[in-house]
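Chain by chain, the residues run as shown.
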Amino acid sequence: MSNSLLLTAALLLTVILLAIPLGRYMHRVYDGQRFWATRALGGVERGIYWLIGTSPAKEMDWKRYALSLLLFNLIGGIFLYLLLLAQGILPLNPLHFPGVPAGSAFNTAVSFLTNTNWQDYSGGSTMSYLSQMLGLTVQNFLSAATGITILLPVIRAFARHETRDLGNFWVDMTRTVLYVLLPLSVLFALILMEQGTVQTLVGEIQVHLIAPFLSQGKTIAEQTLHVGPVASQEAIMMLGNNGGGFFNMNDAHPFENPTGLTNFLETGAMILIPIALIFLFGHMVKAKRTAWGILVAMLIIFIPLTLVSQHYELAGNSLFHSLGVTQANTAGLAGGGNMEGVEDRIGSGASALFATVATATSTGAANTAYDSLIPISGGINLFLMQLGEVVFGGVGSGLASFIAFMIFAVFLGGLMVGRTPEFLGKKIESFEIKMASLSILVMPLLVLIGTAIAVSTTAGRTGVFNPGPHGFSEMLYAVTSPANNNGSAFGGLSSDTRFYNLLTGFCMLFGRYWVYLPLLAMVGSLAEKKKIPVGSGTLATDTPIFVGLTIGVIFLVGALNFFPALALGPIAEQLAPPPAIIHQVTH
Amino acid sequence: MKKTHDMGKQQWQQQAAGALRDSLVMLSPRHQLRNPVMFIVYLGAILLLLLFFHDLTVHPAEAVFTGAIDFWLWITILFANFAEAVAERQGQAQASSLRESRQELTAKRLPRADRDASYESVAATSLRKGEFVLVEAGDAIPCDGEAVAGVASVDESAITGESAPVIREAGGDRSAVTGGTHILSDWLVIRVTQEAGNTFLDRMIGMVESAARRKTPNEIALSVLLVILTLVFLVVTITLYPFSWYSVHYASHSGSVISLPVLIALLVCLIPTTIGALLPAIGIAGIMRLLRANVVAMSGRSIEAAGDVDVLLLDKTGTITFGNRQAAAFHPAPGVSEQELATAARLSSLTDDTPEGKSIVQLAQQRFPSEQQHPSDQAQWLPFSAETRMSGVDDGEQQLRKGAPDSIRQWVEKQGGSWPSAVDDTVQKVAQSGATPLVIASKEQVLGVVELKDIVKTGIKERFAELREMGIRTVMVTGDNPLTAAAIAAEAGVDDYLAEAKPETKLGRIRQYQEEGYMVAMTGDGTNDSPALAQADVGLCMASGTQAAREAANMVDLDSNPTKLLEIVRIGKQLLMTRGALTTFSVANDIAKYFAIIPAAFVSTYPQLSALNIMQLSSPSSAILAAVIFNAIVIPFLIPLALRGIKFRAESAQQALRRNVLIYGVGGIIAPFIGIKLINLLLVAL
């Protein structure tokens, strides 16, 4: 456990230290300043503006901004859908995969469009390289950039006053991809390649086995390995919180995640941009202390949850204890603990850390089998998503949702200090409360109603593999993950059915756009307001007590709604006395 | 009106009995629909009532539990109704005492603004704007209006509660009269400015009576939040049924599916019933507190605005200082003793009836009580004239003069005397300190300087410090020159001052603050204050103010006490704080309720969930009942708090937030754990 503590501390510290300069860099980019980066790539940037006929001076109000965002996403989605359908007749298909079936193509298009990367297919054996590179990887960039473009007007609404201008969507999109995502991905991909992650356009390679063996009278001396342009997709899928792996095994696969260092870096990459965006917020609004307050609030929620998860994973399966099986840290057990579904190069502690980071952010990548986690750890995965992806959250979208929760906290706190609530100088009135509520409300409704439909219908229940409360957890997870644009899967549930393709597709779409459209409407109204000067009578949003209030609101208004459902799933499973389970298994 | 809030015990009992009756009347669906949170409870209670009768015939064993839950749901609704009814009753008591002063009045209508013209008696309600009315000693003034002729003493106690009569006269700033007040002596001709139904009194009554109906912006925002929370919890409980059904039939294969009474009990416990029930009462109580401070707000909105105020514009005279300059010190000229100066100053002021003159006599007697010299009978008094700008006395050989330095200098030099430079220094020094120098001379000899000072009210500096703590800036407005203004501002401890203020500069300053994003409050009474009063976010007009000023303001202070603004800010803040604190408390209560109901509801399906029963409640049904009972009785427990408002202290936002989060947030998490456990113990004992 002490190793786990050290790893967690080292990870968070490293990422925060890297995020501070990245946040400052991003501020200079979005501010349109001239510095080394814009001098180097400014030509390309201006070329793109010339091509699409826009310029940073042409700002948009919230409606045009939202409309541009939707239009851009719609076109991207249709393009991806058609590409997947037609991949069989298109080039760069060395393994000759046929076109993706329509249901799966719809689900996948929505999934990559919404930054969810829920995969109802097996990556390495379904998608052609063209689909992977031009379809999925491109959307990995664009969906992550879309998340940031959701956040930028939110930040500007607090930074500016008495204006309708919230920035130019096309400019924000261009700058995000050109200056932030592309360079970071290239850099990260190079590091990954150096560590052994594969990057090639060859489909398969034949290798000689180190130890040939006999099978059905034949000596097997060669093996076919599936390779491809992995490093490039891996880099953006972690940085952009996409999480859709090249291989079905995702980050447990040695070609995606070859070493201890890559595991560390990939875990960190998931929270790098989300944390840098918090600092960006601090720079743009000139509220650095509030930005630190946000980060601290997130850490206060995240650290105990990840440590509990790691603790239970390292403690191992209590059933094995009662059967006298050792799960101690021995040479053969790679750190010990619950080793079911764990890649033993990584071990159960680091896997639990990875799992919590992947569900706290909207990445949803996995380097272990989430279905095999100790019930409480699986429950923590669920819980982190059910917080509304606000602890770090998706790139951009997470902080945007966090701000919606802060609006609630500011409202209660503002009343409690005897003033009309105001947040960073902007008055919070009934329209803001309405829109923030709509934004926060959508996700619990999707998850609860979606799960209710799944458990009530034969189509929903037939996909379930496990008996007992675990089966319920699987269904809850299958709805929670897409509704929060996370994309991680609990497994154990066959989700490539018409029912789940439609249900999850619907959840992904609504979980993305219905959450952020009200938020954009809200900031449209906030931007038009005057900025009220701060005095000792105004509620400060950078104090420990306000951080505490915000955490309280996130738990009370957000997470507590899932308490009954969690009680019937992971909590009941965790609390079950061992004999009951043994009985159930033999039964 | 002042008396109504010193409610006797008997009166309270009467009101409570009335409120109890009202709570039953309020059970009508139409009334319940107005409060969405309580409406959900109402629907649940009706549904359970039907189920109860069904259970009675089909499974009588379950009817007891269903009946018990349903009983407490109805009690919850009645408690909520009661909270609103108590507040409304208090408001109505206030309104009816006002209405007594508005019996059917008759008016003496004049054809023109001429006292001697013959009048006709008409009903006050038939008066139209612009018509003229005669009122004479003993008459009640039939309407709001403006005196256009005459002078009269008027008893305005019906409105202000102040029994001393006030003078109302045509022209100037004392021309406004209020319907419902009485003429004690003399007469007035009044021009009608407000028609019946729209007078000051009408609006005051309307304000009290409609307090429950009109929602303020903050109240609307809060209601939205409560409705959204209710909606979420509705979905949480409805979806719990399929979850439970699946768990029973497909997962655990044991126990029974969650029942309707348990689902409804969970729903009612989770939705914010506490704040939902108390919200109307809190709003009415805020307006009542303001009325008790003898301030009439023209809208509920202005009370909330008072809580938001960042800048107070306060008139120097009357608010910060007593308004009259008073003698503070004697500064004798070289070669003259202080006693000589004091004696001369006293002699020259003995017949001076101005407050300044009186204060000089007083100071002299205070300094030298033995000095009893009186001028002879032949003494000739020279009153102050604008021409000489001096006053004084000629008594035989003695010629004393007192006046402004330059006029005395002229006089002394004319007598052949000389003007000592030391006196110049003293004059300069006194003027620089913000006081007014008066020079005393005896013939050609300058005796010295009397320092007249504006006396700052005691305790005002501490109040301004409190305001500063709360983040509110105070700005003193005065017609004085910048030098005087700065000195008084420093002494009173205001943050800023506006010297040589004219109505336009006042208006300009308010606009400037508003441009910068501040909310501004000010007091005023004169007609020339009207634009500024209208511009300010909170404009408080004195009851003695002109009609125009009253129209422009959004609050009227019946006591005409300019320091009342500080009280109003306090009431506004307290109103918002009470709402916020009780909402936080209500939401924080949910944690304990989950821990009471969830294990109880699912323990038959998953026995291991009894580990969540951290309160160790005895049986599932008693646990659920205890949660519902707690949810109901917390309402009457909090009614006094809702009516009184939560404790208010002058402190910074940070301190207030810390205190309220600890009391109502953390307290709101812990209290129900204790309360539910205690009720459960009681239930088991019974």
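Above this note sits the structure.
These numbers were taken from a predicted model, which means no experiment stands behind them. (Residues numbered from 1 in each chain as written. Chains lettered and ligands numbered in written order. Predicted model: local features only at pLDDT ≥ 70, side-chain atom pairs only at ≥ 80, totals over all residues. Heavy atoms only, no water.)

A.B. asks: Whenever I open this one, the overall build of chain A confuses me. Can you help?
C.D. replies: A tally of helices and strands in chain A yields 20 helices and four strands. For 587 residues, the compact-globule estimate of 2.2 N^0.38 gives 25 Å, and the C-alpha radius of gyration of chain A, at 24 Å, lies within 12% of that figure. Viewed in the frame of its principal axes, chain A has a C-alpha envelope of about 80 × 55 × 45 Å. Split into buried and exposed, the 587 residues of chain A put 63% on the buried side. Taking the intrachain contacts of chain A between residues at least 6 apart in sequence as the baseline, contacts between residues at least 24 apart amount to 77%. With 27 positive and 29 negative side-chain charges, chain A shows a separation of 16 Å between the mean positions of the two kinds. (Helix = DSSP H or I, 4+ residues; strand = E, 2+ residues; numbered from the N terminus. Rg over C-alpha atoms; globule rule 2.2 N^0.38 Å. Buried < 20%, exposed > 50% of the residue type's maximum accessible area, 1.4 Å probe, protein only. Contact = heavy atoms within 4.5 Å. Lys, Arg positive; Asp, Glu negative; His and termini not counted. Charge placed at Lys NZ, Arg CZ, Asp CG, Glu CD.)

A.B. asks: Where do I start with the overall build of chain B in this structure?
C.D. replies: Check the secondary structure of chain B and you find 24 helices and 21 strands. Scaling as 2.2 N^0.38, a compact globule of 686 residues should have a C-alpha radius of gyration of about 26 Å, whereas chain B reaches 34 Å, well beyond that. Buried positions account for 56% of the 686 residues belonging to chain B. Restricting the contact set of chain B to residue pairs at least 6 apart, pairs at least 24 apart contribute 69%. Carbon and sulfur atoms make up 55% of the accessible area of chain B, which amounts to about 27900 Å² in all. In chain B, 59 positive and 69 negative side-chain charges are present, and the distance between their average locations comes to 6 Å. (Areas by Shrake-Rupley, 256 points an atom, 1.4 Å probe, with all protein chains shown as cover.)

A.B. asks: What's the story with the environment of Val553(A) in this structure? I'm lost.
C.D. replies: The residue Val553(A) is located in helix α18 (residues 544-558) in this model. Taking the C-alpha atoms as reference points, Val553(A) and Val410(A), separated by 143 residues in sequence, lie 9.8 Å from one another.

A.B. asks: Quick question: what am I supposed to make of the sheet that holds strand β9 (residues 295-297) of chain B here?
C.D. replies: Note: strands within a sheet are paired through backbone hydrogen bonds, in either parallel or antiparallel orientation. Residues and elements named next belong to chain B. The mixed open sheet is built from seven strands, whose spatial order is β9-β21-β20-β19-β10-β17-β18. Two strands bound the open sheet, and with one partner strand each, they are β9 and β18 (496-498). With strand direction ignored, the average angle separating the axes of adjacent strands in the sheet is 20°. Pairing of strand β10 (residues 311-315) with strand β17 (residues 473-477) involves five bridges; the strand directions are parallel. When the sheet's bridge partners are listed, Leu312 is paired in β17 with Thr474. (Pairing = 2+ DSSP bridges. Axes fitted to C-alpha atoms, helices over the stretch in contact; angles between N-to-C directions.)

A.B. asks: Teacher, can you tell me more about the side chain of Asp557(B) here?
C.D. replies: Looking at the element boundaries, Asp557(B) is found in strand β21 (residues 555-557). Residue classification places Asp557(B) among the buried positions, given a relative accessible area of 0%.

A.B. asks: I would appreciate a short explanation of the packing of helix α1 (residues 2-30) of chain A against helix α8 (residues 260-285) of chain A in the present structure.
C.D. replies: The relative placement of two packed helices is expressed as an angle between their axes plus a distance between the axes. Residues and elements named next belong to chain A. For the pair α1 and α8, interaxial distance at closest approach is 6 Å and the crossing angle is 45°. Taken as axis vectors, α1 and α8 run oblique relative to one another. The handedness of the crossing between α1 and α8 is right-handed. The class makeup of the residues in the contact of α1 with α8 is 22 nonpolar, six polar and one charged. (Parallel < 35°, antiparallel > 145°, perpendicular 65-115°, else oblique. Left-handed = near helix turned anticlockwise from the far one by under 90°. Nonpolar A, V, L, I, M, F, W, Y, C, P; charged D, E, K, R; others polar.)

A.B. asks: Any chance you could explain the interface of chain A and chain B here in plain terms?
C.D. replies: Where interface size is quoted, it is often the accessible area lost as the parts come together. Tallying the contact residues gives 60 residues for chain A and 65 residues for chain B. In total, chain A and chain B occlude about 5300 Å² of area from one another, counting both sides; carbon and sulfur atoms represent 75% of this. Among the residues chain A hides against chain B, the three largest losses belong to Met416(A), Ile545(A) and Leu568(A). Together they make up 13% of the total. Our count for the contact surface shared by chain A and chain B stands at one salt bridge. Where Arg419(A) meets Asp310(B), a salt bridge forms, and the shortest distance between an N and an O atom there is 3.0 Å. When residues of the side of chain A that touches chain B are traced back to their parent elements, those giving at least two are α13 (397-416), α14 (430-456), α16 (468-483), α18 and α19 (563-575) of chain A. Here the side of chain A that touches chain B takes 12 residues from α14(A), the largest share from any one element. (Buried area = accessible area lost by both parts, 1.4 Å probe. Salt bridge = Lys/Arg side-chain N within 4 Å of Asp/Glu carboxyl O.)

A.B. asks: Help me understand the environment of Val198(A), please; the structure alone is not making it clear to me.
C.D. replies: Residues and elements named next belong to chain A. Inspection of the secondary structure assignment puts Val198 in the loop between α6 (169-195) and β1 (204-215). Note: C-alpha distance between Val198 and Ile571 (373 residues apart in sequence) is 40 Å. Among residues more than four places away in sequence, those in contact with Val198 are Val227, Gly228, Pro229, Val230, Ala231 and Phe255.

A.B. asks: Any chance you could explain a positive patch on the surface here in plain terms?
C.D. replies: Residues and elements named next belong to chain A. A grouping of Arg24, Arg28, Arg34, Arg39, Arg46 and Lys288 is seen on the molecular surface, where their side chains present a positively charged patch. For the positive patch, the elements supplying multiple residues, two or more each, are α1 and α2 (36-52). Checked against the element boundaries, Arg28 lands in helix α1. The class of Arg28 is partly exposed, set by a relative accessible area of 32%. (Patch = residues over 30% accessible without salt bridge, like charges linked within 9 Å, V, L, I, M, F, W, Y side chains within 5 Å.)

A.B. asks: Would you explain the pattern of salt bridges in this entry?
C.D. replies: Between side chains of opposite charge, pairing is possible as soon as their charged atoms come close. Applying the stated rule across the entire model yields 31 salt bridges over all chains. Taking the shortest distance from any N to any O, the salt bridge between Arg164(A) and Glu528(A) comes out at 3.8 Å. Separated by 364 residues along the polypeptide, Arg164(A) in the loop between α5 (129-159) and α6 and Glu528(A) in the loop between α17 (498-527) and α18 bring together distant segments of the chain. Where Arg191(B) meets Glu146(B), a salt bridge forms, and the shortest distance between an N and an O atom there is 3.1 Å. One end of the pair, Arg191(B), is in strand β8 (residues 182-192); the other, Glu146(B), is in strand β4 (residues 145-149), with 45 residues separating them in the sequence. Under the relative-accessibility criterion, Arg191(B) is labelled partly exposed at 31%. Look at the salt bridges and you will find they share partners, linking Lys108(B), Arg115(B), Glu136(B) and Asp139(B) into a network.

A.B. asks: What am I meant to see in the pairing of β10(B) here?
C.D. replies: Looking down a regular strand, the side chains alternate between one sheet face and the other. Residue and element names in this part refer to chain B. Burial of β10 is extensive: four of the five residues sit out of reach of the surface. Where β10 lies against strand β19 (residues 520-524), three bridges are found, and the strand directions are parallel. Note that in β19 the partner of Leu312 across the bridge is Ala521.

A.B. asks: Hey, could you run me through the state of the cysteines in this one?
C.D. replies: Defined simply, a disulfide is a covalent bond joining two cysteines at their sulfur atoms. Residues and elements named next belong to chain B. Counting across every chain of the model gives zero disulfides over all chains. Here Cys541 is not cross-linked by a disulfide; its sulfur's nearest cysteine counterpart is in Cys143, at 18 Å. We classify Cys541 as buried; its relative accessible area is 0%. (Disulfide = S-S within 2.5 Å.)

A.B. asks: Any chance you could explain helix α9 (residues 273-292) of chain B here in plain terms?
C.D. replies: Residues spaced three or four apart along an α-helix point in a common direction, a consequence of the helix completing one turn every 3.6 residues. Residues and elements named next belong to chain B. Look at α9: 29 Å from first C-alpha to last across 20 residues, which is about the 28 Å you get at 1.5 Å a residue. At Leu279, α9 shows its largest kink, close to 40°, and the proline Pro280 lies no more than four residues downstream. With 19 of its 20 residues buried, α9 lies for the most part within the structure. Directly after α9, the chain includes Asn294, whose backbone phi takes a positive value near 65°. (Expected span 1.5 Å × (residues − 1). Bend = angle between axes of the 7 residues up to and from the residue.)

A.B. asks: Please clarify how unusual backbone geometry should be interpreted in this entry.
C.D. replies: Peptide bonds are mostly trans, and most non-glycine residues show a negative phi. Residue and element names in this part refer to chain B. Despite not being glycine, Asp186 has its phi angle at roughly 65°, a positive value. Relative to the helices and strands, Asp186 resides in strand β8. On the accessibility criterion, Asp186 (47% relative accessible area) is partly exposed. A positive phi angle, close to 55°, is found at His253, a residue other than glycine. Tracing the chain through its elements places His253 in the loop between α7 (217-252) and α8 (260-270). Judged by relative accessible area, which is 57%, His253 ranks as exposed.

A.B. asks: Is there a simple way to explain the packing of aromatic side chains in this structure?
C.D. replies: Within a pair of aromatic rings, the relevant descriptors are the distance that separates the centres and the angle that separates the planes. Here the structure, examined in full by the defined rule, presents 30 aromatic pairs over all chains. The interplanar angle of 40° and the centroid separation of 6.2 Å between the aromatic rings of Tyr129(A) and Phe246(A) together place this pair among those described as tilted. Taken together, the positions of Tyr129(A) in helix α5 and Phe246(A) in the loop between α7 (230-239) and α8 put the pair 117 residues apart, joining distant regions of the chain. For the residue pair Tyr129(A) and Phe246(A), the accessibility class agrees, reading buried in each case. Chaining the aromatic ring pairs together yields one cluster made of Phe472(A), Phe243(B), Trp245(B), Tyr246(B) and Tyr250(B). The ring of Phe368(B) has Arg367(B) lying over it, and the distance from NZ or CZ to the ring centre is 5.7 Å. (Phe/Tyr/Trp six-rings, centres within 6.5 Å; stacked < 30°, edge-to-face > 60°. Lys NZ or Arg CZ within 6 Å of the ring centre and 35° of its normal.)

A.B. asks: Help me understand the side chain of Lys573(B), please; the structure alone is not making it clear to me.
C.D. replies: Along the chain, the position of Lys573(B) falls in helix α21 (residues 564-588). No salt bridge is formed by the buried Lys573(B), whose closest oppositely charged neighbour, Asp308(B), lies at an N-O distance of 6.0 Å. Polar side-chain contacts of Lys573(B) include one of 3.5 Å to the backbone oxygen of Gly418(A). The residues contacting Lys573(B), other than those within four sequence positions of it, are Val417(A), Gly418(A), Arg419(A), Gly307(B), Met470(B), Ile472(B) and Phe648(B). (Polar contact = N/O pair within 3.5 Å; in protein donor to acceptor, adjacent residues only side chain to side chain.)

A.B. asks: Help me out: how do you make sense of the nonpolar core in this one?
C.D. replies: Across soluble globular proteins, nonpolar side chains have a tendency to be buried as a group. Counting 307 residues, the largest nonpolar core has Met26(A), Ile273(A), Phe392(A), Leu399(A) and Leu312(B) as the members making the most contacts within it. Look past the residues within four positions of Leu399(A) in its chain and what remains in contact with it is Leu151(A), Leu277(A), Ile278(A), Phe281(A), Ile294(A), Met298(A), Phe392(A) and Gly394(A). Counting 34 residues, the second-largest nonpolar core is a separate cluster that includes Ala333(B), Leu341(B), Ile360(B) and Ile440(B). (Core = buried A, V, L, I, M, F, W, Y, C linked by side-chain atoms within 4.5 Å.)

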